[in-house]
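Each chain, letter by letter, is given below.
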Amino acid sequence: MKHLLLVFGLFLGSLFANAQVNFFDGSLQQAVTKAKEEKKFLFVDCYTDWCYWCKVADSTTFQSEIVANFMNRRCVAIKLDMERGEGRDLGMKYRVFGYPTFLVFDPDGRLLFSQFGYISDESEFIKTLKEGTSGERQFKYQSKLNGKVDFPEFYKATFTDANSKKKRKFAEPEVVSMWLSKQEDLTTEAAWGVMRRFDTDEKINRRFFHELETYRKLYGKVEVNSKIVDIASKSFNEALKKEGSTEDDMLPAYMLIDKFLDEEMKQPTKMQFRLRFAEVKEDWRLYAKVVTQLLSKEKIKTNPGQANDYAWKLYLKCDDQSILKEAIVWMQTVVKVETIYAHQDTYAALLYKTQQFEAALKAANEALMLGEKQGQEVTETKELIGKIKTALAEK
């Protein structure tokens with residue numbers, strides 16, 4: 001009987017040990033070779049040491065049994081630090097500008113799709129992987145992992161190198177415009193990398209819009225939409241800087257969105273611009289109104305991190321108690337959907353600012369426990385607990 005129990009225990013132990021994504025411990029080239037030999041997809045987790053959401057993904061998504069079962073059967077997975085060695089080179093080649101970003105390649109090393117940002121829902125994460133690996137390729141340009149691209153030095157200089165004392169540097173607009181204006185073909189990998197990394201002038205923008213469908217075919221609608229939003233954002237920000245500007249001054253930016261952006265992105269993008277307008281004008285009532293329009297309860301459930309960001313902004317900058325209480329309502333849904341330190345800490349801070357001290361203390365202690373468990377820096381939460389206790393003592 002003891003022998004059977006021991007065998008059963010070892011079996012359970014092996015199952016538990018495999019209930020996480022098995023990241024390959026080797027070089028990128030070795031991972032490429034392994035993926036090709038095993039006829040699997042290559043999954044690259046692009047991270048940095050300082051990226052909070054990368055660490056959250058490590059402790060949640062990649063520890064999920066259903067995610068692990070799906071990925072371990074279909075992918076060779078590898079983690080690459082985007083500020084060191086081959087990770088930095090990969091970031092340049094595939095335009096990785098934010099973290100975490102997940103790149104997925106076919107067994108022959110051709111990029112299938114790129115996904116930026118932490119996805120909290122494990123079913124949604126798997127759905128994204130399925131769609132990216134079973135449908136049409138997001139990217140159609142002929143580029144493989146081992147292919148070299150002749151990027152200009154000013155582009156390379158924008159990527160942090162943790163092994164160098166040199167700080168990253170962004171070239172002056174004139175330098176960028178001069179280089180791009182000399183390119184006969186602006187749809188090449190090198191030109192597109194520069195156009196994605198930097199603001200572009202009106203002449204280059206006209207060439208971009210003229211060949212919009214070519215860009216969409218080569219680089220996929222996600223990246224192309226991002227470039228369109230960048231161009232509209234520049235127009236929006238320039239209008240916003242004008243003294244006494246109103247929302248009417250933002251119309252040229254909205255017209256760019258309506259003319260060129262994919263239909264499903266038009267309204268959400270304009271609402272994000274309205275949020276920016278409300279923030280700059282410190283119109284927190286408008287800010288809360290737009291957030292409420294953006295985030296129904298169902299949308300909060302699929303994107304709790306975004307709701308947390310909006311609520312934290314109000315905590316930092318708004319003193320209107322009624323608006324802060326609206327943010328608390330958002331956060332009550334967020335902390336139920338996703339139990340992580342950042343969300344619980346925001347919830348506690350809002351409760352404190354609205355003088356709900358007993359509830360704030362409970363939420364802050366839960367945040368502290370989560371933060372310590374998840375290996376987060378919790379100094380500010382400890383300070384918040386001190387403030388709450390002082391407020392309760394004075395009550």
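Above this text you will find the structure in question.
Residues numbered from 1 in each chain as written. Predicted model: local features only at pLDDT ≥ 70, side-chain atom pairs only at ≥ 80, totals over all residues. Heavy atoms only, no water.

Draft legend 1. Looking closely at the overall build of the chain. In terms of regular secondary structure, the chain is built from 20 helices and 4 strands. Scaling as 2.2 N^0.38, a compact globule of 395 residues should have a C-alpha radius of gyration of about 21 Å, and the chain matches this with 24 Å. Referenced to the eigenvectors of the C-alpha coordinate spread, the extents of the chain come out at roughly 75 × 70 × 45 Å. Just so you have it, the chain exposes about 21300 Å², and 52% of that area is on carbon and sulfur atoms. Where the 61 positive side-chain charges of the chain centre and where its 59 negative ones centre are 2 Å apart. (Helix = DSSP H or I, 4+ residues; strand = E, 2+ residues; numbered from the N terminus. Rg over C-alpha atoms; globule rule 2.2 N^0.38 Å. Areas by Shrake-Rupley, 256 points an atom, 1.4 Å probe, with all protein chains shown as cover. Lys, Arg positive; Asp, Glu negative; His and termini not counted. Charge placed at Lys NZ, Arg CZ, Asp CG, Glu CD.)

Draft legend 2. Representation of the side chain of Ser64 in the model. As for its placement among the helices and strands, Ser64 is situated in the loop between helix 3 (52–59) and helix 4 (65–74). A residue is classified by how much of its surface remains accessible, and Ser64, at 7% relative accessible area, is buried. (Buried < 20%, exposed > 50% of the residue type's maximum accessible area, 1.4 Å probe, protein only.)

Draft legend 3. How the structure looks around the environment of His210. When you line up the elements, His210 lands in helix 10 (residues 202–210). Separated by 43 residues in the primary sequence, His210 and Lys167 place their C-alpha atoms 36 Å from one another.

Draft legend 4. Fine view of helix 6 (residues 122–134). Between its first and last C-alpha atoms helix 6 spans 18 Å; for 13 residues at 1.5 Å apiece the expected length is 18 Å, and the two agree. Those residues of helix 6 lying buried are Phe125, Ile126, Thr128, Leu129 and Gly132. Summarising the axial view, the buried residues of helix 6 lie within an arc of 155 degrees, below the 170-degree limit, and thus occupy one face. Between the side-chain oxygen at the start of helix 6 and the backbone nitrogen of Ser123 there is a gap of 2.9 Å, and the oxygen is on Asp121. (Expected span 1.5 Å × (residues − 1). Arc of directions from axis to C-beta. Polar contact = N/O pair within 3.5 Å; in protein donor to acceptor, adjacent residues only side chain to side chain.)

Draft legend 5. Here's a closer look at the packing of aromatic side chains. Applying the stated criterion across every chain yields a total of 30 aromatic pairs. Measuring from ring centre to ring centre gives 5.2 Å for Tyr155 and Phe159, while their planes differ by 65 degrees; the resulting arrangement is edge-to-face. Centre to centre, the rings of Phe170 and Phe198 are 5.9 Å apart; their planes meet at 70 degrees, and the pair counts as edge-to-face. Taken together, the residues span a long stretch of sequence, with Phe170 in the loop between helix 7 (153–156) and helix 8 (173–181) and Phe198 in the loop between helix 9 (189–197) and helix 10 at a distance of 28 residues. Judged by its relative accessible area of 9%, Phe198 is buried. An aromatic cluster of at least three residues, connected via ring pairs, comprises Trp192, Phe208, Phe209, Tyr215, Tyr219 and Phe260. The positively charged end of Lys79 is found above the aromatic ring belonging to Tyr47, 5.4 Å away from the centroid. (Phe/Tyr/Trp six-rings, centres within 6.5 Å; stacked < 30°, edge-to-face > 60°. Lys NZ or Arg CZ within 6 Å of the ring centre and 35° of its normal.)

Draft legend 6. How the structure looks around the environment of Ala191. In this structure, Ala191 sits in helix 9. Sequence separation between Ala191 and Tyr254 is 63 residues; the distance between their C-alpha atoms is 26 Å.

Draft legend 7. Highlighting the pairing of strand 2 (residues 75–81). By the criterion of burial, strand 2 is predominantly enclosed, with 6 of the 7 residues buried. Here strand 1 (residues 41–47) pairs with strand 2 via 7 bridges, running parallel. Counted as the bridge partner of Phe41 is Cys75 from strand 2. (Pairing = 2+ DSSP bridges.)

Draft legend 8. Representation of helix 16 (residues 304–317) within the structure. With 14 residues, helix 16 ought to run about 20 Å at 1.5 Å a step, and its terminal C-alpha atoms sit 20 Å apart, in line with that. Every buried residue of helix 16 is accounted for by Pro304, Gly305, Ala307, Asn308, Tyr310, Ala311, Leu314 and Tyr315.

Draft legend 9. Quick look at a negative patch on the surface. A surface patch of like charges, here negative, comprises Asp121, Glu122, Glu124 and Glu131. When you line up the elements, Glu124 lands in helix 6. (Patch = residues over 30% accessible without salt bridge, like charges linked within 9 Å, V, L, I, M, F, W, Y side chains within 5 Å. Salt bridge = Lys/Arg side-chain N within 4 Å of Asp/Glu carboxyl O.)

Draft legend 10. Spotlight on the state of the cysteines. This structure, assessed with the given rule, holds 1 disulfide. Sulfur-sulfur distance for the disulfide between Cys51 and Cys54 comes to 2.3 Å. Residues Cys51 and Cys54 are joined by a disulfide whose S-S torsion is about 85 degrees; by sign, that bridge is right-handed. The pair formed by Cys51 and Cys54 is uniform in burial state, with each residue classed as buried. You can see Cys46 has no disulfide; the closest cysteine sulfur is in Cys54, sitting 9.0 Å from it. (Disulfide = S-S within 2.5 Å.)

Draft legend 11. Expanded view of the packing of helix 11 (residues 212–240) against helix 13 (residues 263–280). It is at 11 Å that the axes of helix 11 and helix 13 come closest, and there the two elements cross at 30 degrees. The interaxial crossing formed by helix 11 with helix 13 has right-handed handedness. Touching Lys221, Asn225, Val229, Ala232, Ser233, Phe236, Asn237 and Leu240 of helix 11 are Glu264, Met265, Thr269, Phe273, Arg276, Phe277 and Val280, all from helix 13. Classifying every residue of the contact of helix 11 with helix 13 by side-chain character gives 8 nonpolar, 4 polar and 3 charged. (Axes fitted to C-alpha atoms, helices over the stretch in contact; angles between N-to-C directions. Left-handed = near helix turned anticlockwise from the far one by under 90°. Contact = heavy atoms within 4.5 Å. Nonpolar A, V, L, I, M, F, W, Y, C, P; charged D, E, K, R; others polar.)

Draft legend 12. Broad picture of the packing of helix 18 (residues 341–353) against helix 19 (residues 357–373). It is the contact of helix 18 with helix 19, at a shortest axis distance of 8 Å, that shows an interaxial angle of 160 degrees. Judged on the interaxial angle alone, helix 19 and helix 18 are roughly antiparallel. Of the two elements, helix 18 crosses helix 19, and the hand of that crossing is left-handed. Contacts between helix 18 and helix 19 pair Tyr341, Gln344, Asp345, Tyr347, Ala348, Leu351 and Tyr352 from the former with Phe357, Ala359, Ala360, Ala363, Ala364, Glu366, Ala367, Leu370 and Gly371 from the latter. Among the residues forming the contact of helix 18 with helix 19, the class breakdown is 12 nonpolar, 2 polar and 2 charged. (Parallel < 35°, antiparallel > 145°, perpendicular 65-115°, else oblique.)

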